[in-house]
Amino acid sequence: MPFGIKNMPILEENLVTSFSKKLVLFNGELDNENETGGTLLRSPTVDKQGLHRIERGHFFYNWSKDKAEAWGTDFNWELKIIPGVGHNHRKIGDFAAKYLYEEITE
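Quick caveat, the model's predicted, so the values are computed rather than measured.

1. Quick notes on the overall build of the protein
Okay, step 1: Secondary structure summary: the protein contains 3 helices and 2 strands in total.
Okay, step 2: In sequence order, the secondary structure elements of the protein are arranged as α-β-α-β-α.
Okay, step 3: Its C-alpha atoms give the protein principal-axis dimensions of roughly 40 × 35 × 20 Å.
Okay, step 4: Relative to its full complement of 106 residues, the protein shows a buried share of 27%.
Okay, step 5: Of the contacts formed within the protein by residues at least 6 apart in sequence, a portion of 64% connects residues at least 24 apart.
Okay, step 6: As displayed, the protein offers around 7,600 Å² of accessible surface, 52% of which is attributable to carbon and sulfur atoms.

2. Thoughts on the pattern of salt bridges
Okay, step 1: Counted under the stated rule, the structure contains 5 salt bridges.
Okay, step 2: Measuring nitrogen to oxygen at the nearest pair gives 2.9 Å for the salt bridge that ties D31 to R53. Of this pair, D31 sits in the loop between strand 1 (23-28) and helix 2 (53-71) while R53 sits in helix 2, and the two are 22 residues apart along the sequence. Exposure class is identical for D31 and R53. Each is buried.
Okay, step 3: Where E78 meets K80, a salt bridge forms, and the shortest distance between an N and an O atom there is 3.2 Å.
Okay, step 4: Overall, E78 belongs to the partly exposed group, its relative accessible area being 25%.
Okay, step 5: The buried category is assigned to K80, whose relative accessible area is 11%.
Okay, step 6: Via salt bridges that share partners, K22, E78 and K80 belong to a single interconnected network.

What counts and how
Residues numbered from 1 in each chain as written. Predicted model: local features only at pLDDT ≥ 70, side-chain atom pairs only at ≥ 80, totals over all residues. Heavy atoms only, no water. Helix = DSSP H or I, 4+ residues; strand = E, 2+ residues; numbered from the N terminus. Buried < 20%, exposed > 50% of the residue type's maximum accessible area, 1.4 Å probe, protein only. Contact = heavy atoms within 4.5 Å. Areas by Shrake-Rupley, 256 points an atom, 1.4 Å probe, with all protein chains shown as cover. Salt bridge = Lys/Arg side-chain N within 4 Å of Asp/Glu carboxyl O.

In structure tokens form, the structure reads like this:
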């Protein structure tokens, strides 16, 4: 959600429920300022979350973790950085399949 959730009809209790679920966020290590794949939205509003996707992924994860901590609630999310991968859904999908079915722990 590159524009954030401000003024959205999302209740704190919904976020608390989401934070308690197991969620693994995958970010490609190379999905950075040098990535040319896909369309990267840019604007002053969007850029507050980061100038590229890996920064935005970290922002989303850290914001969520900080919010859960401030509310004193569980936070069962993980952020996995996939080495050598940029903005490539096939490579991320391959990693996700291995993670799910081969029990990758790194």
